[in-house]
Each structure stands twice: as structure tokens, then as C-alpha cells.
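Working through the structure, step by step
Now for the letters of each chain:
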Amino acid sequence: MSRGLFVALAASAILAAPAAATITTIDFNGETQNNVASLIYPGVTITSPGGTVFTSTFGTGPNGTRGVLGRAGGAFAPLRADFTGPVNFVSVDIGDLGGDADNLFLRAFNASNVLLGSAAQLLPGGVAEMRTLSLAVGGIAYIEFGGVGLNGESNVYSDNLSFGTRGGAVPEPASWAMLIAGFGLVGALQRRSAAALA
């Protein structure tokens, strides 16, 4: 294989490679604030729209560790996490101590408040456990998460919020363009070497 062909193949492979993963996980175990307007961590601010964020400093959730709950007007409410940088992956553990059935949910939105994707699971009554909900979609600006129980409240614990960017199997449009350009360069080099040998 000629040196030019090798360089062209190597360059197209490097330029088309997906980006490395950068994921942050917040486990709330060291959280000492309670009943506050927001919890601020590097890369994310967690709120309960119209209410406060209530950490389980009084005890532990179904997974045996601290979690967070939202409260608004004396009732439990969903939580919202606003991200400060690019996010294409989110995951959160949501669960209950088993008092009633809960419809768990995770919804991702872009900066224009357009729903990008959602995930949901039913946690049956009498089941004390956490379930992991996750989404992988580009352009996430914020998420809403929680559960709706029989009483209409979001009386569930949330823990292990993970977010960030991770490389995907599908290249971005710019990567596709570089890959096609690399193949075109390889074809041109092959034609040039074939003409030189003739």
C-alpha cells in the first residue's frame, strides 16, 4: 500500500471516530441541604418548579442511600434538572418505599422547550425498589423526572442522576462528510497510482 493511501485511510478513520464519553453522576449521599429552592452541582441545577427540593436527610430511600424529592404547596412534586453544557445522555434512578403504585417518568427537553424524548415505567404497589430510566438524544437542555402515584403526587425518591455526552454508533453529519471526503481521496490516490503504473 502506498504511503499516501495509508495516510488518507488513517486520517479518515480518525476524523470519523465518535467522541469519547464524559458522564457525571450525582449520588446525593453527602447532601446536607434540605428543603431548598435548588441544589447546584457542577454542570447541573436541580429544582422542583413551584416548590423546593427536599433531600432524604431523615432516612434513606429504597436503595438504602439518600435521594431527593420535590415539594410544591405541601405536596410532593416532580424535579427538574437544568444542564449548563451539552448533554446527549441522561439517566436517573427513581423509586418508592412500596406504599402505592407509581408511574415513573423521565422527559428530556431542548432549550426551546420541545420534548426530545421520554421514558416511563410502572412501579407496582408493594414494591420497594429503584428503577433506572435513561435517554440518549442530542440537544438536551433540561429534564423533568419523578412519578405519579395514586394520589396524583410525585412521592418518589430520585438518586444517581447521570448526565453528559457519550460517543454514539451514529456519526454526526460533519463526521459523515469527513468520511466521504476520505473515501474520495483514497479513490483519487488509487486512480493516480493506476495511471502512473500504466
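Here's what I pulled together on the structure shown here. From a predicted model like this one, the values you see are computed outputs, not experimental measurements.

Cut-offs and rules
In every chain, residue numbers begin from 1 and rise along the written sequence. Only residues with pLDDT of 70 or above have their local features reported here, since the model is predicted, and side-chain atom pairs are shown and tallied only from 80 upward, although totals for entire chains, interfaces and linings are computed over all residues. As a rule here, side-chain values cover all heavy atoms of the structure and leave hydrogens and water aside. In this description a helix means any DSSP run of H or I spanning at least four residues, a strand means any run of E spanning at least two, and both kinds are numbered starting from the N terminus. Each residue gets one of three labels from its accessible area relative to the maximum for its type: buried under 20%, exposed over 50%, partly exposed in between, using a 1.4 Å probe on protein chains only. Should any heavy atoms of two residues lie within 4.5 Å, those residues are considered in contact. Computed by Shrake-Rupley with a 1.4 Å probe, the accessible areas treat only the displayed protein chains as cover when residues are assessed. Charge counting treats Lys and Arg as positive and Asp and Glu as negative, with His and both chain ends excluded. What makes a salt bridge here is a side-chain nitrogen of Lys or Arg within 4 Å of a carboxyl oxygen of Asp or Glu, nothing more. Whenever a nitrogen or oxygen atom comes within 3.5 Å of another N or O atom, the pair is scored as a polar contact, on the condition that within protein one atom can donate a hydrogen and the other can accept it, and that pairs from neighbouring residues in sequence are kept only if both atoms are in side chains. Definition of nonpolar core: a set of buried residues of the types Ala, Val, Leu, Ile, Met, Phe, Trp, Tyr and Cys, connected through side-chain atoms within 4.5 Å. Strands are labelled as partners when DSSP assigns at least two bridges between them. The axes used here are C-alpha line fits, helices contributing only the stretch in contact, and every angle between their N-to-C directions lies in the interval 0 to 180 degrees.

**Points about the overall build of the chain**
Counting secondary structure elements, the chain contains 2 helices and 13 strands. Buried residues in the chain amount to 36% of all 198 residues. Contacts spanning at least 24 positions in sequence make up 69% of the contacts within the chain whose residues lie at least 6 apart. Summed over its atoms, the accessible surface of the chain is roughly 10,200 Å², and 60% of this surface lies on carbon and sulfur atoms.

**Thoughts on the environment of Leu150**
Along the polypeptide, Leu150 turns up in the loop between strand 12 (142–149) and strand 13 (157–165). Taking the C-alpha atoms as reference points, Leu150 and Asp102, separated by 48 residues in sequence, lie 7.1 Å from one another. Excluding its chain neighbours within four sequence positions, the residues that come into contact with Leu150 are Asp100 and Ala101.

**Re the environment of Asn34**
Checked against the element boundaries, Asn34 lands in the loop between strand 1 (22–26) and strand 2 (38–41). Note: C-alpha distance between Asn34 and Val53 (19 residues apart in sequence) is 6.9 Å.

**Examining the side chain of Asp100**
Take Asp100: it is sitting in the loop between strand 8 (89–96) and strand 9 (102–109). Within the buried set, Asp100 has no salt-bridge partner at all; the shortest N-O distance to an opposite charge, 13 Å, is to Arg131. The residues touching Asp100, leaving out its near neighbours within four places in the chain, are Leu123, Pro124, Gly125, Gly149, Leu150 and Asn155.

**Section: the environment of Glu129**
As for its position among the elements, Glu129 is in strand 11 (residues 129–136). With a relative accessible area of 30%, Glu129 lands in the partly exposed category. For the pair formed by Glu129 and Asn63, sequence separation is 66 residues and the distance between their alpha carbons is 6.3 Å. A distance of 2.5 Å separates polar atoms of two side chains, one belonging to Glu129 and the other to Arg131.

**Some thoughts on the side chain of Ser91**
Here Ser91 is to be found in strand 8. With a relative accessible area of 10%, Ser91 lands in the buried category. Residues in contact with Ser91, not counting those within four places in the same chain, are Thr132, Leu133, Ser134, Asn160, Leu161 and Ser162.

**Quick look at the nonpolar core**
Of all hydrophobic cores here, the largest spans 29 residues; its most connected members are Val44, Ile46, Phe83, Val90, Ile143 and Leu161. Not counting chain neighbours up to four residues away, the residues in contact with Val44 comprise Ile26, Leu39, Ala81, Asp82, Phe83, Leu161 and Phe163.

**Thoughts on the pattern of salt bridges**
Oppositely charged side chains are able to pair whenever their charged atoms sit close together. According to the stated counting rule, one finds 3 salt bridges in the structure shown. One salt bridge connects Arg80 with Asp82, and the closest N-O pair in it is separated by 2.9 Å. With relative accessibility at 25%, the residue Asp82 sits in the partly exposed group.

**Structural notes on the sheet that holds strand 7 (residues 79–83)**
Reading across from one edge, 2-3-7-12-9-10 is the order of the 6 strands in this open sheet, with antiparallel pairing throughout. In the strand order of this sheet, the two ends are held by strand 2 and strand 10 (115–123), each with one partner. The sheet shows a mean angle of 15° between the axes of neighbouring strands, direction not considered.

**Brief notes about the pairing of strand 5 (residues 68–72)**
Two strands pair when backbone bridges link them, and strand 4 (residues 52–55) and strand 5 are joined in this way by 4 bridges, in the antiparallel orientation. Paired with Thr55 across the bridge in strand 5 is Val68. Sheet analysis places strand 5 next to strand 6 (residues 75–77), joined by 3 bridges and oriented antiparallel. By the bridge assignment for strand 6, Arg71 is matched with Phe76. Remark: 2 residues form the turn of the hairpin made by strand 5 and strand 6, two consecutive strands paired antiparallel; Gly73 in that turn has positive phi of roughly 60°.

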